[in-house]
Structures are given as C-alpha cells and as structure tokens.
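# Topology and contacts: notes
If you want the building blocks of each chain, they are given just below.
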Amino acid sequence: MSNAERAGNRPAGRMNGGRAIAEMLRLAGVGPMFGMGGFQLLPFYDALAQLGMRHFLINDERCGAFAAEAYARVTNRPGVCDGTLGPGATNLVTGLIEGLNAGTPMIALAGDTNRAHSWKNMTQECRQAEILRPAVKELIRVELTSRVPELLRRAFAVATSGRPGPVLLDVPEDVCHGEHDFTAEDFAIDPSTLCVPARRIRPDRADITRAAALIARAKRPLILVGGGIHLSAGHEALLGLAETHSIPVAHTMSGKGGVACIHPLSAGLFGRYSRIANELIEASDCLLVVGCKLGEIATKRYALPPEAIPLIHLDIVAEEIGRCRPAAVALWGDAKAGLEDLSEALADDARRVRNARADYAAEIPTRMAAWREEAAPRLDSAERPIHMARLCRELNKALPASSILVADGGFAGHWTGLLYDTKSPGRHFIPDRGLASIGYGLPGGIGAALAAPGTPVVAITGDGGFNMTLGELETARRAGIGLTIVVVNNAASGYVKALQHAMFRGRYQSSDLVEMDYAAIARAMGCNGIRVEDPDRLGTALRTGLGERTRPTVLDVVVTRDPARMLPAVDNRTVEIKQGDRVA
Ligand SMILES: Cc1ncc(C[n+]2csc(CCOP(=O)(O)OP(=O)(O)O)c2C)c(N)n1
Ligand SMILES: [Mg+2]
C-alpha cells in the first residue's frame, strides 16, 4: 500500500479502543495474527471481523507467539499475536523471549483488568506487566483510548529499529472497550517502521578503513555470519564481499543462508557442531564476525575463536561487540551497510587479492568434498531405525531451493543445522535459537507457511517438542495449510537421554517417552499421516507431504533409539562420549 493510499484509507470518528488497534494494524498492513480471545480484547476481535482481517485462533498463546515470530522471520515484518488477561498474557512469555533474543520484530497485545476494579481480586488478575516486561524489548501500557494510534506507532518503531524485537501493548479492559472521537490524522503511520531494518546506520569511516586494512593483509580471512544477516537483508552484500575477495563464509544456525549452503565458499556451520568450519577458524588469520553474538553454541562454550586471531566485529548493537571475545576493530552498524562499506574500501585491491587467495578459496570445496566422503556411510545409511544423517540427506534431496525448513529446539535443529543445505541465500532455514525452546517446530511451521503461501514449508520437530504443541495440528488443519511436519520419533527426550548416557553412564531419569504412532494421531485429527520406518521411503513421503496444498501432513519418522548415537557429534559439555565421537 502506498503512502497516499494509506492516508486515504484512514478512519475517523467515534470508535472504541479495540477498533482503533485493529485500524492501525490494518493500515500497517500486518499479516495474519495469532491469539486466543478473552473478555478484555473482544472489541478488537469484533473489529477484526468487521474489517475482514485475518486472525487465527491458536490453542496455546505460546504457540501464537511462536507462529508470529516465524511469520516475522519470513517476511521481515512484525508478527502479531495476542493473549487475554492473566494466563493468556503469561503464556506469551516463552515465544516473546524467543523474539527478544533472536532480534525478531513482533507486536503482542495483552488484555488487562478494568482499572475501575484493578487489584480487588479480579478474576485472572496477576502482575502480568512485571512478568512480561523482561520478555520484551519494550512494554507499553496504554492508559488512554485516545492514545492507541500514537502508542501503536511507537510499538512499530521500537519493534523494527536497531536490533529488532518484540513490543507488548498492555491494554486495560476499559481502554479497549472505551470510546474516543478520532481524527484521520490520528492514524498516521510511518511506513519506514513497518519492516526491518527500519533505518540503517553505517559504521564509522575510520573503523571501516582499519578493518579493510586487516582484511587486505590476511591470507586466510573468514567471515562468521549470524542471524543479523537476515534481519539486515544483507545477502547480496555478503556474497559480493565473499566472492570479490575470496573470503569463505561460515555460519551459526541462525545465520544459515547468509550465502547458500551449496555455494563453493560456504564453509558450513561453526561452533558446537561443525563440518570443516571450526578447523578453518583455527587456521584463519583474520575473522570478520557479522550480525552474530558469539554466544555459547557459536563458540563451543567460549573455546572458539582463538584469542590470537584478530577479529573484526560488525553488529547493530554496540554493546554486543566485545562481550564474549575482544574485537580488534569494532564496526557498529547495519550488516548490509557495513559489508557494502568494506567492499568499497577494499575495491581497488580486489583483483590482486582474489588471485593471491585462489588456492585458499579452492580449499573450501575440496575440504567439503572430503568431509562428505567421510560422512557418506552415515548420510547414505540404510539402517533401521533410520539414521538422522540419512533423514537430513533426504531433506536435502527433496526440498526445492525456494522451500523453508523450520527446525525445533531439540536434536532436530542441531542435526539439520549441521547437515541441511539451503540452496539459495535467505531465510530458508528457521531454527528457534533465540531461546531454543522445544515446541517451536509446529507453530513456527504454521507461521512460516502463512507468511509464504505457495512456498513449500517443512517443520522438523522432536517427538517431545511435538507432544508439547500437538494441539496446534488442529490450528494447522483449520488454517488449511499444506505444511509438512517431520516428527523425529526416537521415543525419548533425546538430547537429555544422550547427555545422561554420556555423563551419568546410562542412569536415565525422566528421559523416555512412550512409543507413539504420530501418523495415526494426525489422521485421527483429519490430517495426512505417514509413518516412515524404511529410509528408502523418506523421499516419497516427503514429496507426498510437499504435494499436499490444503492440509498438513505428519511424517512420523522412526529414528535411532540408541542414546549413544543420538548426538550429531561430541557435545563439548561432555567428555565421556565415545560412540558418538564423530561428525554426523
Ligand atoms: C521448553 C524446553 N524445555 C526443556 C528443554 C531442554 N531440552 C533440550 S533438547 C530436549 C529434548 C527434547 O526432546 P525431543 O523434542 O523429543 O527432541 P529430541 O532431542 O529427542 O530429538 C530438552 C528437554 C528445552 N529446550 N525447552
Ligand atoms: Mg525425541
């Protein structure tokens, strides 16, 4: 919608707060919303119906927040969710923190008590503002119906600026039900705040010059990219710098797709699990870290990268630079802008440098091929129960370049983070690494599927994570989406069981699940359900799921139940693992 159309579309006159919220969201062009009603926000729900806006009843507000979060990652526009007073609001916490830690723009609405009766033991009343405040980038309490448009403008500005994040609007019942005479001017929208990055800031010129000098001198520079590359939509700028100067790119789980995984300069995942990237880090003489916090998983519990290697850190949050590892040069700014500036500063010397690094660049596909050969017995494994590496290989084969894979917080995310290959740059792999909650897969898949209609979307989740949010299969069916859900059925809280195997010599406690047939459950819920026990049938099953356009398909994939073989490689928190001591 153009600015003129937006202005022309503005409502005016007497309306309640709920209607004013809905009108602002309509003018902002938000996508489908997710929530569960309650008395306080009913005027908002009624306005949605009257305005013909899309809103999905979700079966658990946490899943509504997850769905909105995934929606935002796919579109780079704020995802919207809501919960009612008390339990509805508190259920939002986990999903909002995912967005907070991952830097995802979101707007959440929570109904609150009628201020005429607050703190008189109203039903469902609790200190929700205090509970939710640390879960969001900003909590805005709306005290006047007349201020609804202004505060929603503020919410969009906060959600999409700097490092994006979730904003919660806490709306008392009387504000939502109360009325005000609005003018059309009240409903002004700032279009530059409706998607990320709202405003770009460039790093300091002198810092760019110092960084460029370090990169130009390096024989084995390496780019380490995190989720910030997606938020900044900096894919082209990254590829430009990497290709022009022959600099390989390794990624975190969130940064996967900074460049396509199948690109010859892609060194794959680094950190806790790695193919060749950790070795390249060790041998590097200059690291350029882009949009990455260098947290526990990325650094193998702060064992990487070696202190002696000069590190340039480009990040939109100044105070993130140097938090975990001192930076030789701090580049404070937007990832895309910073990468473009580095390319410009390095342009004159590009040809010479590219020639000088020709052998280095050629090393990456050679080493990757050697890794692939070494991993082939796992990737091609015909064993039953199915090997996780084989499942990942079949995903690589079946999913087209445009597809999106949403990965849940358990094993599913780590295995696919290591072995899944995106075929084009962009957000084609969505793991919930902000908080790494299990239970994100299914609702995240719903959000992604609704954000990208027509795009094949697959969600991969553990059986534990699936159990946690199974009710959302009803939502997915009601929404009529052709989402494919791969349930990694190991009849266990697998990561926990594998750690108990490694660290407590097989003394298992509360890590087993009962054997279930998730395909049968899916069919009973009116969805398509396929149980896969033979690895040779994975490809057909995946293609069947991708072929479904209007209903979800659950692939119940029976994988190893041996806790010694569950981890993708050695987890550096455990030193005793022997059997799993390998990649893939
Ligand atoms: C909400 C939540 N609780 C606990 C954990 C800790 N945790 C990490 S992996 C894992 C096992 C999950 O089991 P499942 O979803 O079946 O995945 P698996 O590891 O078996 O593939 C658990 C409990 C978590 N990440 N999130
Ligand atoms: Mg499991």
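Source: prediction; values computed, not measured.

Analysis parameters
Residue numbering note: each chain is counted from 1, following its sequence as written. To label them, take the chains in the order written and letter them from A, then take the ligands in the order written and number them from 1. pLDDT decides what is reported in this predicted model: residues at 70 or higher carry local features, side-chain atom pairs at 80 or more are listed and counted, and totals for whole chains, interfaces and linings draw on all residues regardless. Calculation of side-chain values draws on the structure's entire complement of heavy atoms; hydrogens and water are dropped beforehand. Numbering of helices and strands runs from the N terminus; a helix is a DSSP stretch of H or I covering at least four residues, while a strand is a stretch of E covering at least two. Radius of gyration means the value over C-alpha atoms here, while the globule rule gives 2.2 Å times the residue count to the 0.38 power. The rule is simple: take the accessible area with a 1.4 Å probe, protein chains only, and divide by the maximum for that residue type; under 20% is buried, over 50% is exposed, in between is partly exposed. Residues are treated as being in contact if the distance between any of their heavy atoms lies within 4.5 Å. All accessible-area figures derive from a Shrake-Rupley calculation using a 1.4 Å probe, and residue coverage is judged against the displayed protein chains alone. Only four residue types enter the charge count, namely Lys and Arg as positive and Asp and Glu as negative; His and the chain termini do not. Note on charges: their place is set at NZ of Lys, CZ of Arg, CG of Asp or CD of Glu. A strand pair is defined by DSSP finding two or more bridges across the two strands. Fitted lines through C-alpha atoms serve as axes, helices being fitted only where they are in contact, and the angles separating the N-to-C directions of these axes extend from 0 to 180 degrees. Note: metal donors comprise N, O and S atoms at 2.8 Å or less from the metal (3.2 Å for Na, K and Ca); water molecules are not included, so apparent gaps in a site are possible. Note on handedness: a crossover is taken as right-handed if, strands pointing away from the viewer, the path from the first strand over the helix to the second is clockwise. Working definition: a ring pair exists when centres of Phe, Tyr or Trp rings (six-membered ring for Trp) sit within 6.5 Å. Plane angles under 30 degrees give stacked, over 60 give edge-to-face, the rest tilted. Note on criteria: charge over ring means Lys NZ or Arg CZ within 6 Å of the ring centre, with the direction from the centre no more than 35 degrees off the ring normal. The rule for a residue being near a molecule or strand is that one of its heavy atoms must lie within 4 Å of it. Here a polar contact is taken to be a pair of N or O atoms separated by no more than 3.5 Å, where protein atoms must pair a possible hydrogen donor with a possible acceptor and residues adjacent in sequence count only if both atoms sit in side chains. Salt bridge, as used here: a side-chain nitrogen of Lys or Arg that lies within 4 Å of a carboxyl oxygen of Asp or Glu. Given the number of residues in a helix, its expected span is that number minus one, multiplied by 1.5 Å.

### Some details on the overall build of the protein
The helix and strand inventory of the protein stands at 24 helices and 20 strands. For the protein, whose C-alpha radius of gyration is 24 Å, the value lies close to the compact-globule estimate of 25 Å for 584 residues. Overall, the C-alpha framework of the protein stretches about 70 × 60 × 40 Å when taken along its three principal axes. The burial tally for the protein puts 60% of its 584 residues in the buried class. Counting only contacts in the protein whose residues sit at least 6 apart along the sequence, the fraction spanning at least 24 positions is 76%. Counting only carbon and sulfur atoms, one obtains 52% of the accessible surface of the protein, whose full area is about 21100 Å². Where the 66 positive side-chain charges of the protein centre and where its 65 negative ones centre are 3 Å apart.

### Observations regarding the sheet that holds strand β16 (residues 429–431)
Through backbone hydrogen bonds, the strands of a sheet pair up, either in parallel or in antiparallel fashion. Spatially, the six strands line up as an open sheet ordered β16-β15-β17-β18-β20-β19, and their pairing is parallel. At either margin of the open sheet sits one strand with a lone partner, and together these are β16 and β19 (528–532). Strand-to-strand twist of the sheet, defined as the mean angle between neighbouring strand axes without regard to direction, takes the value 20°. As paired elements, strand β18 (residues 484–489) and strand β20 (residues 553–558) share six bridges and run parallel to each other. The residue of β20 that forms the bridge with I485 is V554. Lying on the sheet, helix α24 (residues 538–547) is in contact with β17 (457–462), β18, β19 and β20; it crosses β19 at an angle near 170°.

### Describing the sheet that holds strand β14 (residues 329–332)
Ordered in space as β11-β10-β9-β12-β13-β14, the six strands form an open sheet in which the pairing is parallel. Two strands close off the open sheet at either side, each with one partner strand: β11 (266–269) and β14. For this sheet, the mean angle separating the axes of adjacent strands, direction not counted, is 15°. By the bridge criterion, five bridges tie strand β9 (residues 221–225) to strand β12 (residues 286–290) in an arrangement that is parallel. If you follow L224 over to β12, its bridge partner there is V289. Against the sheet, helix α16 (residues 358–379) touches β9 and β11, its axis set at about 50° to β11.

### Notes on the coordination of the magnesium ion (ligand 2)
The coordination sphere of the magnesium ion (ligand 2) contains the protein donors D463 (OD), N490 (OD1) and A492 (O), at a distance range of 2.0 to 2.1 Å. Each donor residue of the magnesium ion (ligand 2) lies on the same chain, and together they follow the pattern D-x26-N-x1-A. On the criterion of sequence distance, the pair formed by D463 in helix α20 (residues 463–469) and A492 in the loop between β18 and α22 (494–503) is long-range, its members being 29 residues apart. Judged by relative accessible area, which is 3%, A492 ranks as buried.

### What to know about the pairing of strand β15 (residues 404–407)
Residues of β15 alternate between two faces, with I404 and V406 on one and L405 and A407 on the opposite face, all of them buried. Of the pairings in the sheet, the one linking β15 to β17 comprises four bridges and is parallel in character. Across the sheet, the residue bridging to L405 is V458, located in β17. The sheet contact formed by β15 and β16 spans three bridges and is parallel. Within β16, the position partnered with V406 by the bridge is I430. What joins β15 to β16 is helix α18 (residues 411–419), and the crossover it makes is right-handed.

### Considerations on the packing of aromatic side chains
In the structure shown here, the tally under the stated rule is seven aromatic pairs. The positively charged end of R127 is found above the aromatic ring belonging to W119, 4.6 Å away from the centroid. Of note, K497 hangs over the ring of Y508, and the distance from its end group to the ring centre comes to 5.1 Å.

### A look at the site of ligand 1
Around ligand 1, a shell composed of 16 residues is seen, among which D463, G464, G465, N490 and G494 lie nearest. In the model, an oxygen atom of ligand 1 is placed 2.6 Å from a nitrogen or oxygen of the D463 side chain. Here an oxygen atom of ligand 1 sits 2.8 Å away from a polar atom, N or O, in the main chain of G465. About the coverage of ligand 1: the protein hides 75% of its 570 Å² of free accessible area. Mapped onto the shell around ligand 1, the elements with two or more residues apiece are α20 and α22.

### As for the pattern of salt bridges
By the definition in use, this model includes 45 salt bridges. Between D207 and R210 there is a salt bridge whose closest N-O contact spans 3.2 Å. Of the two residues, D207 and R210 are both situated in helix α10 (residues 205–217); the distance of three residues between them amounts to about one turn of the helix. Taking the shortest distance from any N to any O, the salt bridge between E394 and R393 comes out at 3.7 Å. You can call R393 partly exposed: its relative accessible area is 22%.

### Quick look at helix α8 (residues 148–160)
Compared with an ideal rise of 1.5 Å per residue, which puts 13 residues at 18 Å, α8 spans 18 Å between its outermost C-alpha atoms and is within 8% of the ideal. Buried within α8 are the following residues: V148, P149, L151, L152, A155, F156, V158, A159 and T160. Looking at the buried residues of α8, the elements they touch are α2 (17–27), β5 (106–112), β6 (138–141), β7 (166–172), α9 (173–177) and β8 (179–182). Of the residues one or two after α8, G162 is the one with positive phi, at around 55°.

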